[in-house]
Amino acid sequence: MNDDIKDKVENAPEAAPEAEATAEEPKTRPITIELDDLSEEGRKRIAERLGRPVEDLPYKVVSQEPRPGSGLIVRIEVDRKVFLAEEERLLIDIGKEITLPGFRKGKAPLKLLQLRLGEDAVRDTIGSLATNAMRQEKAKQDLKIISNLRVGSFSAEAADQPVTFEIDLELEPKVELKQYKGIAVEAEEQPVTDEMVDARIEQLRQRAAVMETAEDAELKEGDYITLDMDVKNDKGEALPHLSRKDWQLYNFKQQLDPKLAEQLEGKKAGATVTAKIENVSKNRRGEDVTHTDDYTVTIKQIQREKLPALDDEFAKDLGQYQTLAELKAGVRKDIEKEAGDRERGQALGKIFEKLIELNPIDAPKSLLAKAQYDIIMEDSYQLERMGLRLEQVVQDTSAYVSNRRESAAQQVKAGMISGAISAAENLEATEADVEAEIAKMAEESGRKPLAIRARLEAQKQFDAFRGEITRRKVNDFLLANNTVTKVAPKKEEEAKEETAEEKPGKKTAKKAAKKDEKSE
């Protein structure tokens, strides 16, 4: 992702709370509280890092103020004695790791450390106290916090006053469902034709093709060739950087100069052709200089693909079938399943578009920023696989980022509504659901169920795995409780016009729903 696109994502009007600045603290870095640190596992990690227990500390919630969206500002007050004791503990922890001039490691006086660290010591102490207080408050109020927290303004200067600070956090929004059953949508049929089956089988033949030397064959487009190329300048001096030995080519017309390609076409192995070709190079002054070089090319070998015969033996070689008829039936079954998946995905996309329309909600800023970032990174990854960079394709950065933000909003809203339906209809994945899915995966992969579960837990993917099962149950529920009418697919011309009308980079709720279906 180039800097321009990254900057527009990170500084969008509704960026994540961590990226915002406050009027009280315009020039200092924000104090961030990691969401993971608010759990008991987080407490254990901090204790291991510090080498001492992390005990609950006393504090007082002065006020809680909702902010637009699903935000909340919590104002905390801590007795100054508690603040000073925590600051001393942190200074001792830091002092164990650093060496100051004139003192052995870990022996520097705390007052000196405090003077050296200055404001950083205060900020670290505030951050520690805020983490401690919010860990307790999260459990007390059962707060559904969805992103890292940020400490805004704080006051710790007055020696005779308590220390106060504000914590800016974002909660999981409450979705009040108005309608999610009895919706009617249309989805295009996905017909499976004999031509589609034949095309798929032809792809299998292409993959099984072998290369054979084409004896006494004349070179034509599509052949694989091996050649030697000798290049000399107009003085007869060899040019090693342009010469090639045993050079293997495919699509020689695209890889060679047209003069050479034209002469090579129709020639047989052993033939030699020559051509004078103009090349441009720079001289010592950086000026372009045109010169003519002599190319001599000899064809050493011509190879062509040999496709296997379309018979029972070909079917047997694939390892799953005994006859060509079985292969065709199996391929048709695969294509029909893919078509069914497309129909299901399109139907769910239409349903989610209606759900978002009927149940209007705001996408939380942190989830929106993350979804937008993930979508852009996926775009970038897909382009890199094709040898391109995002900045080479995107002409209007602002429009692209805006479209991706719209896509992210649809994706987040669809996820929130799905979660609300799951809660309303008690569609959470049960242990029985999890065991059944693991057993299915084990059977397909030839591994033991315990090994599958252990891998998921070791890679910290078990919660996501359970979540995918839950989303699938919600999707099944939506398809069962809403009406999907199949309609004839659009003609090619209509589909092209519809595609042309869409904004570049737009990702609808339909695609967001398809993402949930990938796990199936």
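Predicted, not measured: the structure shown is a model, and the values here were computed from it. (Residues numbered from 1 in each chain as written. Predicted model: local features only at pLDDT ≥ 70, side-chain atom pairs only at ≥ 80, totals over all residues. Heavy atoms only, no water.)

Chemist: What should I look at first to understand the overall build of the protein chain in this one?
Modeler: Broken down by element type, the protein chain carries 18 helices and 12 strands. Counting every position in the protein chain, which comprises 520 residues, the buried fraction comes to 37%. Residue pairs at least 24 apart in sequence account for 73% of intrachain contacts in the protein chain once pairs closer than 6 positions are excluded. (Helix = DSSP H or I, 4+ residues; strand = E, 2+ residues; numbered from the N terminus. Buried < 20%, exposed > 50% of the residue type's maximum accessible area, 1.4 Å probe, protein only. Contact = heavy atoms within 4.5 Å.)

Chemist: Would you explain the sheet that holds strand β3 (residues 71-78) in this entry?
Modeler: Strands pair in a sheet through their backbones, by hydrogen bonds, and they do so in one of two ways: parallel or antiparallel. Sheet architecture is open: five strands sit in the order β1-β4-β5-β3-β2, paired in antiparallel fashion. The sheet terminates laterally at β1 (31-33) and β2 (60-67), the two strands that pair on one side only. Taken pair by pair, the neighbouring strands of this sheet meet at an average axis angle of 25°, ignoring direction. Both strand β4 (residues 149-155) and strand β5 (residues 163-170) contribute to a ladder of four bridges, which runs antiparallel. Looking at the pairing, Phe154 lines up with Phe165 of β5. (Pairing = 2+ DSSP bridges. Axes fitted to C-alpha atoms, helices over the stretch in contact; angles between N-to-C directions.)

Chemist: How should the packing of helix α14 (residues 431-445) against helix α15 (residues 449-458) be read in this particular structure?
Modeler: The N-to-C vectors of α14 and α15 enclose an angle of 110°; their axes lie 8 Å apart at closest approach. In terms of their interaxial angle, α14 and α15 are classed as roughly perpendicular. Only Pro449, Ile452, Arg453 and Arg455 of α15 make contact with α14, whose side of the interface consists of Glu431, Val434, Glu435, Ile438, Met441, Ala442 and Ser445. (Parallel < 35°, antiparallel > 145°, perpendicular 65-115°, else oblique.)

Chemist: Hey, could you run me through the pattern of salt bridges in this one?
Modeler: Pairing between side chains of opposite charge can happen when their charged atoms approach one another. If you walk through the whole model with that rule in mind, you get 37 salt bridges. Asp228 is the salt-bridge partner of Lys300, the closest N and O atoms lying 3.6 Å from each other. Residue Lys300 is located in strand β11 (residues 288-306), and its partner Asp228 is located in strand β8 (residues 224-232); the two are separated by 72 residues in the primary sequence. Overall, the relative accessible area of 38% leaves Lys300 in the partly exposed class. By relative accessible area, which is 16% here, Asp228 ends up buried. (Salt bridge = Lys/Arg side-chain N within 4 Å of Asp/Glu carboxyl O.)

Chemist: I keep staring at the packing of aromatic side chains and nothing clicks. Help me out?
Modeler: To describe a pair of aromatic rings, you give the distance between the ring centres and the angle between the ring planes. The tally for this structure, following the rule as stated, stands at three aromatic pairs. Ring centres of Tyr224 and Tyr250 lie 4.5 Å apart, and the angle between their planes is 25°; on these two criteria the pair is classed as stacked. Residue Tyr224 is found in strand β8, and its partner Tyr250 is found in strand β9 (residues 244-250); the two are separated by 26 residues along the sequence. The ring of Trp247 carries Arg244 above its face, with NZ or CZ at 5.3 Å from the centroid. (Phe/Tyr/Trp six-rings, centres within 6.5 Å; stacked < 30°, edge-to-face > 60°. Lys NZ or Arg CZ within 6 Å of the ring centre and 35° of its normal.)

Chemist: Is there a simple way to think about the pairing of β3 in this case?
Modeler: For a regular strand, the rule is simple: side chains alternate between the two faces of the sheet. Pairing analysis gives seven bridges linking β2 to β3, with the strands arranged antiparallel. Its bridge partner lying in β3, Lys60 is registered against Glu77. Linking two consecutive strands that pair antiparallel, namely β2 and β3, is a turn of three residues; a positive phi of about 80° is found at Gly69 within it.

Chemist: Where do I start with the nonpolar core in this structure?
Modeler: As a rule of thumb, nonpolar side chains are buried together in soluble globular proteins. Within the largest apolar cluster, 28 residues are counted, with the highest numbers of intra-cluster contacts made by Ile126, Met134, Phe165, Ile167 and Leu169. For this core, the secondary-structure elements that each account for two or more residues are β1, β3, α3 (80-95), α5 (119-141), β4 and β5. Broken down by element, the residue count for this core peaks at six residues, all from α5. With near-sequence residues (within four places) excluded, Leu169 lies in contact with Arg67, Ser70, Gly71, Leu72, Val74, Met134, Ile145 and Leu149. Residues Tyr180, Ala408, Val412 and Ala414 belong to the second largest nonpolar core, which totals 26 residues. (Core = buried A, V, L, I, M, F, W, Y, C linked by side-chain atoms within 4.5 Å.)

Chemist: When you look at α14 in this model, what are you seeing that I'm missing?
Modeler: Every α-helix winds through 3.6 residues per turn, so residues three or four apart in the chain are directed the same way. If you check α14, its first and last C-alpha atoms are 21 Å apart, about what 15 residues at 1.5 Å a residue would give, namely 21 Å. Among all positions of α14, only Val434, Glu437, Ile438 and Ala442 are buried. Within α14, the buried residues cover an arc of 140° as seen down the axis, which keeps them to one side. Turned more than 90 degrees off the buried face of α14, the exposed positions are Ala432, Glu443 and Glu444. Where α14 is buried, its residues contact α15 and α16 (462-481). A positive backbone phi angle near 75° is found at Gly446, which sits one or two residues after α14. (Expected span 1.5 Å × (residues − 1). Arc of directions from axis to C-beta.)

Chemist: How should I be thinking about the side chain of Lys413 in this particular structure?
Modeler: With respect to the element layout, Lys413 can be found in helix α13 (residues 397-424). Buried and without a salt bridge, Lys413 has Asp362 as its closest oppositely charged side chain, separated by 5.7 Å. Ignoring anything within four residues of it in the chain, the contact list for Lys413 reads Ile356, Ile361 and Ala363. (Lys, Arg positive; Asp, Glu negative; His and termini not counted.)

Chemist: I'm lost on the side chain of Ser418 in this one. Help?
Modeler: Tracing the backbone shows Ser418 in helix α13. The buried category is assigned to Ser418, whose relative accessible area is 3%. Each residue touching Ser418, except ones within four places of it in the same chain, is listed here: Phe352, Arg471 and Val474.

Chemist: What should I look at first to understand the packing of α3 against helix α4 (residues 110-117) in this one?
Modeler: Packed helix pairs are specified by the crossing angle of their axes together with the interaxial distance, meaning the distance between the axes. At a minimum axis distance of 10 Å, the contact between α3 and α4 shows a crossing angle of 90°. Between α3 and α4, the angle falls in the class roughly perpendicular. Of the residues in α4, those touching α3 at Glu87, Glu88, Leu91, Ile92, Ile94 and Gly95 are Leu110, Leu113, Gln114 and Leu117. Split by residue class, the contact of α3 with α4 holds six nonpolar, two polar and two charged. (Nonpolar A, V, L, I, M, F, W, Y, C, P; charged D, E, K, R; others polar.)

Chemist: Looking at this structure, how should I read the environment of Asp288?
Modeler: Checked against the element boundaries, Asp288 lands in strand β11. Within polar-contact distance, the side chain of Asp288 engages the side chain of Lys282 at 2.8 Å. (Polar contact = N/O pair within 3.5 Å; in protein donor to acceptor, adjacent residues only side chain to side chain.)

Chemist: Got a minute to help me understand unusual backbone geometry in this structure?
Modeler: With the exception of glycine, the majority of residues adopt a negative phi angle, and the majority of peptide bonds are in the trans configuration. A positive phi angle, near 55°, is found at Asp142, a position not held by glycine. As for its placement among the helices and strands, Asp142 is situated in the loop between α5 and β4. Positive phi is not limited to glycine here, since Asp216 has a value of about 55°. By secondary structure assignment, the location of Asp216 is in the loop between β7 (210-213) and β8. By relative accessible area, which is 62% here, Asp216 ends up exposed.

Chemist: Sorry, what's going on with the confidence of the model for the protein chain here?
Modeler: Low pLDDT marks regions whose predicted coordinates should not be analysed in detail. For the protein chain, the mean per-residue pLDDT works out to 86, and 88% of the residues sit at or above 70. When the criterion is pLDDT under 50, residues 13-27 qualifies, and its contacts beyond four places in sequence or with other chains add up to 29 contacts. For residues 500-514, every residue scores under 50 in pLDDT, and the model assigns this stretch 36 contacts once sequence neighbours within four places are set aside. (pLDDT = per-residue confidence, 0-100.)

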